[in-house]
Amino acid sequence: MDILFIIAAFLSGFIALNLKLPPLVGFLVAGFGLQYAGFQTTELISGLSDVGVILLLFSIGLKLDIKTLMAKEIWASATLHNILSTLFFALALLAFKFLGITLFANIDHSQLLLLAFVLSFSSTVFAIKSLEEKGNMNSTFAMISIGILVMQDIFAVLFLTISTGKIPEWYAIALFALPFIRPLFYKVLDKCGHGEMLVSYGFFMALVVGAGIFKLVGMKADLGALVVGMLLAGHYKASELSKSLFNIKELFLVCFFLSIGLSNTPTVDGFILALLLMLLLPIKGVLYFIVINLFKFRVRTSLLASLTLLNYSEFGLIVSGIAFKMGWLPGEMMVAIAIAVSLSFIIAAPINNMSNKIYRYTSNWLREQADEQLHLKDKRINPGNAQVLILGMGRIGTGAYDEIRTRYGKISLGIETRADVVGTHRSSGRNVIHGDATDSDFWERILDIANVKLVLLAMPHHKGNQFALEQLRARDYQGQIAAIAEYPDQVTEMIESGVDAAFNIYNEAGAGFARHVCDKLNPQFKVMQIGDWDKSKDLTES
């Protein structure tokens, strides 16, 4: 049976991908199709699904800075939206009850409030998947979205604790010792190398130290994985650890989306209620936009963060399942929420793919903040007299910056999405500013690039480099453009899209290694010509 699930997931995901939809849409459809055919989820699918979610939250933690959550625009916007959204859904569900919808006939006001609270949450899994696929994980709107989702996870833990009457064990206080033993975690990570032991360490920290210990003391396992990931975020190998877990995490998340479709048998009443909930979903997005925009972010930042969060959460399935077991909600209501969550994913996927087009269509009538009032992260960008613009100051971008400075002097400006990395570069004397080149507002915020003669697209995500190239062409940039790529087809695609030079980073790494060896070898070493090689071969044979 598990083999059949894998076949169905692959075929549906492949079809969705070729229809320009995220594969997760195909996985959801596969789950519903299997459920309709009479199949049910298995222990293996459920177990792998749980592991996928735990690894996802652990990976989020590896990229999170605790300062992000402490920012007013994160905790305040998450709290304010939760309150406003819960009130809105409570009133809407109360209206459904008065209209005589069958599923609400025997539900009292406290149960309506519970449902409203459930519907106020957004999906962490969907949002992170969407951001990763578009290469926007380090953008300003992504950091806002992730921060809000993390705060919602914290609210979820508090709610589950209160609603179930279960409090953490008294020895849960020992969790406060975790930050003090972080140096030990760091030392072990230092010794894990770069291969299979690094992956094993990630599994151990996520599933045992994080999820396992938190569950042992009566707290949410997912939160434990997130917290432990955050503890490791400051280590220099945190990014490498996250990348080593990426493909494994993606595989397990296939099971997560399959399990949603397989969770319950749809009913007519449940489907009708799910459609009604979908009609309410845009209001939830509007509330996100209003709340985020209150903190003086640009229209695009507020809009794209709102679209990222425009869905219902898998947390709703968890809470409704608990409520059903405790007799608080009828089973049909749980099925309706499951359908609504799945439909929200299916609808939100293409909306997120078109988010930049939606912004362009709406930017003319959405009121923009005054420049002097904008949030610090959304201020105007002045490139000064820079002649070379380097987008992405990772290892490749940094190497390019240093080489250009050695050859031509201080003529470059680096753009980096991570504020902490920007500080490191500046302390090393590099001219680097904070910005997100995958954000079209970044290009609108640049005052003038007339002096720029060369742009290097050195971001780690191919889609991000593609987007930056599109923005440069849209601004009628007349200088030269060079880009990096990981695969030959990406090199071809970039050349066809109009870059002047595209470099396969793996091939170029080999060529660079050869040049370095030749430069560093003993000056007396002389590379043999073909004729010399033939002579030496003859001597050897004789």
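Since this is a predicted model, take the numbers as computed values, not measurements. (Residues numbered from 1 in each chain as written. Predicted model: local features only at pLDDT ≥ 70, side-chain atom pairs only at ≥ 80, totals over all residues. Heavy atoms only, no water.)

### Observations concerning the overall build of the protein
Point 1. Scanning the protein from N- to C-terminus turns up 24 helices and six strands.
Point 2. Sorting the 542 residues of the protein into buried and exposed places 52% on the buried side.
Point 3. Residue pairs at least 24 apart in sequence account for 76% of intrachain contacts in the protein once pairs closer than 6 positions are excluded.
Point 4. In the structure as shown, the protein presents an accessible area of about 26800 Å², 64% of it carried by carbon and sulfur atoms. (Helix = DSSP H or I, 4+ residues; strand = E, 2+ residues; numbered from the N terminus. Buried < 20%, exposed > 50% of the residue type's maximum accessible area, 1.4 Å probe, protein only. Contact = heavy atoms within 4.5 Å. Areas by Shrake-Rupley, 256 points an atom, 1.4 Å probe, with all protein chains shown as cover.)

### Brief notes about the packing of helix H7 (residues 124–134) against helix H12 (residues 238–262)
Point 1. Between H7 and H12, the least distance of the axes is 12 Å, while the angle of their chain directions is 135 degrees. In terms of orientation, H7 lies oblique with respect to H12. The handedness of the crossing between H7 and H12 comes out as left-handed. In this structure, H7 uses Val125, Lys129 and Glu132 to contact H12, whose residues at the interface are Phe246, Lys249, Glu250, Leu253, Phe256 and Phe257.
Point 2. By residue class, the composition of the contact of H7 with H12 is five nonpolar, no polar and four charged. (Axes fitted to C-alpha atoms, helices over the stretch in contact; angles between N-to-C directions. Parallel < 35°, antiparallel > 145°, perpendicular 65-115°, else oblique. Left-handed = near helix turned anticlockwise from the far one by under 90°. Nonpolar A, V, L, I, M, F, W, Y, C, P; charged D, E, K, R; others polar.)

### Description of the packing of helix H21 (residues 462–474) against helix H22 (residues 488–497)
Point 1. Their axes nearest at 11 Å, the elements H21 and H22 cross at an angle of 5 degrees. It follows from the interaxial angle that H21 and H22 lie roughly parallel. Between H21 and H22, the residues in contact are His462, Asn465, Gln466, Leu469 and Arg473 and Gln490, Glu493, Met494 and Ser497, respectively.
Point 2. The residue makeup of the contact of H21 with H22, split by class, is two nonpolar, five polar and two charged.

### Brief notes about the pattern of salt bridges
Point 1. On inspection of all chains with the given rule, the structure shows four salt bridges.
Point 2. Among the salt bridges present, the one from lysine 249 reaches glutamate 250, with a minimum N-O distance of 3.9 Å. The two residues lysine 249 and glutamate 250 agree in class, both being buried.
Point 3. As a salt-bridge pair, arginine 430 and aspartate 402 come within 2.9 Å of each other at their nearest N and O atoms. Of this pair, arginine 430 sits in the loop between helix H19 (419–427) and strand S3 (432–434) while aspartate 402 sits in helix H18 (residues 395–408), and the two are 28 residues apart along the sequence.
Point 4. Judged by relative accessible area, which is 16%, arginine 430 ranks as buried.
Point 5. Here aspartate 402 falls in the partly exposed class, since its relative accessible area comes to 23%.
Point 6. Here the salt bridges do not stand alone but share partners, grouping Asp402, Arg405 and Arg430 into one network. (Salt bridge = Lys/Arg side-chain N within 4 Å of Asp/Glu carboxyl O.)

### With respect to helix H6 (residues 109–119)
One turn of the α-helix equals 3.6 residues, which is why residues spaced by three or four share an orientation.
Point 1. Burial runs high along H6: eight of the 11 residues are buried.
Point 2. Looking only at H6, the buried set comprises Gln111, Leu112, Leu114, Leu115, Ala116, Phe117, Val118 and Leu119.

### A short note on the confidence of the model for the protein
The predicted coordinates ought not to be read in detail in places where the model reports low pLDDT.
Point 1. Model confidence for the protein is summarised by a mean pLDDT of 82, while 87% of its residues fall at 70 or above.
Point 2. Under a pLDDT of 50 for its full length, residues 524–531 has, in the predicted model, three contacts with residues more than four places off or in other chains.
Point 3. Note on residues 535–542: pLDDT under 50 across the span, and one contact to partners over four residues away in sequence or across chains. (pLDDT = per-residue confidence, 0-100.)

### Concerning the sheet that holds strand S6 (residues 501–504)
Point 1. A sheet is described by the order of its strands in space; here six strands give the open sequence S3-S2-S1-S4-S5-S6, paired in parallel fashion. Two strands lie at the open edges of the sheet, namely S3 and S6, each paired on one side alone. Strand after strand, the sheet turns through a mean of 20 degrees between neighbouring axes, direction not considered.
Point 2. Judged from the four bridges that link them, strand S1 (residues 388–391) and strand S4 (residues 454–457) form a sheet pairing that is parallel. Its bridge partner lying in S4, isoleucine 390 is registered against leucine 456.
Point 3. Relative to the sheet, H21 contacts S1, S4 and strand S5 (480–485), its axis offset from that of S4 by approximately 155 degrees. (Pairing = 2+ DSSP bridges.)

### Brief notes about the packing of aromatic side chains
Point 1. Across all of its chains, the model carries 10 aromatic pairs by this definition.
Point 2. With a centroid separation of 6.1 Å and an interplanar angle of 85 degrees, the aromatic rings of phenylalanine 5 and phenylalanine 39 are classed as edge-to-face. Separated by 34 residues along the polypeptide, phenylalanine 5 in helix H1 (residues 2–18) and phenylalanine 39 in the loop between helix H2 (23–36) and helix H3 (43–62) bring together distant segments of the chain.
Point 3. Overall, phenylalanine 5 belongs to the buried group, its relative accessible area being 1%.
Point 4. Ring centres of phenylalanine 256 and phenylalanine 257 lie 5.2 Å apart, and the angle between their planes is 75 degrees; on these two criteria the pair is classed as edge-to-face. Each member of the pair, phenylalanine 256 as well as phenylalanine 257, is classed as buried.
Point 5. Among the aromatic side chains, those forming a connected cluster through ring pairs are Phe126, Phe256, Phe257 and Phe345.
Point 6. Across the ring face of tyrosine 359, the terminal group of arginine 300 is positioned such that the distance to the ring centre comes to 5.9 Å. (Phe/Tyr/Trp six-rings, centres within 6.5 Å; stacked < 30°, edge-to-face > 60°. Lys NZ or Arg CZ within 6 Å of the ring centre and 35° of its normal.)

### With respect to H2
Point 1. In this model, H2 (14 residues) spans 20 Å end to end at C-alpha, consistent with the 20 Å of a helix rising 1.5 Å per residue.
Point 2. Leu24, Val25, Gly26, Phe27, Leu28, Ala30, Gly31, Leu34 and Gln35 are the residues of H2 that are buried.
Point 3. Once H2 ends, the next one or two residues include glycine 38, with phi positive near 100 degrees. (Expected span 1.5 Å × (residues − 1).)

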